[in-house]
Amino acid sequence: MRIRLKLISQVKVLGSLSIGDWGGAKYTKSGVPDLLVNFNGYFLAIELKAPTGKPSHLQLYNIRKIRESHGLGVILYPKDYDLFLKLCDALSHNMWGVAETYQFEIDDNLKLSEEERGVLYGKPI
C-alpha cells in the first residue's frame, strides 16, 4: 500500500518516537490497527484503508476502545491524508484538543451505516 510508506515517512518527519507496523502480518491479531504510533508521547492508532475498503466491526470497536483509553484512533483513507497531516501537526505542537477535532472530522468522512457508527461510538444499536 503506497499510502503506508508515505504515511510512515511523514509521521517520522513530524516527530514520531516509534512506529509498530502490524498491517497484514500472518500472526497479527485480528482487528489491530495497521500502525501503532507513539507520536511525541501521544498514542495514535491508524487503520489504513484502500479507497474501496471497508472497516470491519472489530476494527471499529478497537478504534473506540483506543479512544476510550485516551489514545487517538483513525480509519484513514487516502482522500483524508491531508487532514491526517493536520492532526499530526496539532500533536507535534501538543494541541490535543485540536488533534481530537481532526480525528472526528476524519470520522465524518467515513461512509458508515448507523450500526457501524454505533460500534465506533459505543451507542446502542
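Residues numbered from 1 in each chain as written. Predicted model: local features only at pLDDT ≥ 70, side-chain atom pairs only at ≥ 80, totals over all residues. Heavy atoms only, no water.

1. Quick notes on the overall build of the chain
Regarding its fold elements, the chain presents five helices and four strands. Scanning the chain from its N terminus toward the C terminus, one meets helices and strands in the order α-β-β-β-α-β-α-α-α. The proportion of buried residues among the 125 residues of the chain is 42%. Restricting to contacts in the chain with at least 6 residues of sequence separation, those with at least 24 account for 56%. Surface exposure of the chain reaches about 6900 Å², of which carbon and sulfur atoms provide 55%. (Helix = DSSP H or I, 4+ residues; strand = E, 2+ residues; numbered from the N terminus. Buried < 20%, exposed > 50% of the residue type's maximum accessible area, 1.4 Å probe, protein only. Contact = heavy atoms within 4.5 Å. Areas by Shrake-Rupley, 256 points an atom, 1.4 Å probe, with all protein chains shown as cover.)

2. Details of the pairing of strand β3 (residues 42–48)
Of all seven residues in β3, six are buried, a share of seventy percent or more. Where strand β2 (residues 35–39) and β3 come together, five bridges link them in antiparallel fashion. From the neighbouring strand, F39 faces β3, where its bridge partner is Y42. Connecting the antiparallel pair β2 and β3 is a turn made up of two residues, with N40 showing a positive phi of about 50°. Sheet topology note: the β3/strand β4 (residues 72–76) ladder contains five bridges and is parallel. Note on β4: the bridge partner recorded for E47 is I75. Crossover β3 to β4 through helix α2 (residues 57–68) is right-handed. (Pairing = 2+ DSSP bridges. Right-handed = clockwise from strand over helix to strand, strands pointing away.)

3. Regarding the packing of aromatic side chains
This structure, assessed with the given rule, holds two aromatic pairs. Relative to W96, the ring of Y42 lies with its centre 5.6 Å away and its plane at 25°, an arrangement referred to as stacked. Placement of Y42 in strand β3 and of W96 in helix α4 (residues 96–108) is noted, with a sequence separation of 54 residues between them. Where F104 meets Y121, the ring centres are 6.4 Å apart and the plane angle is 35°; that geometry is what we call tilted. Separated by 17 residues along the polypeptide, F104 in helix α4 and Y121 in helix α5 (residues 114–121) bring together distant segments of the chain. Note on F104: relative accessible area 34%, which makes it partly exposed. (Phe/Tyr/Trp six-rings, centres within 6.5 Å; stacked < 30°, edge-to-face > 60°.)

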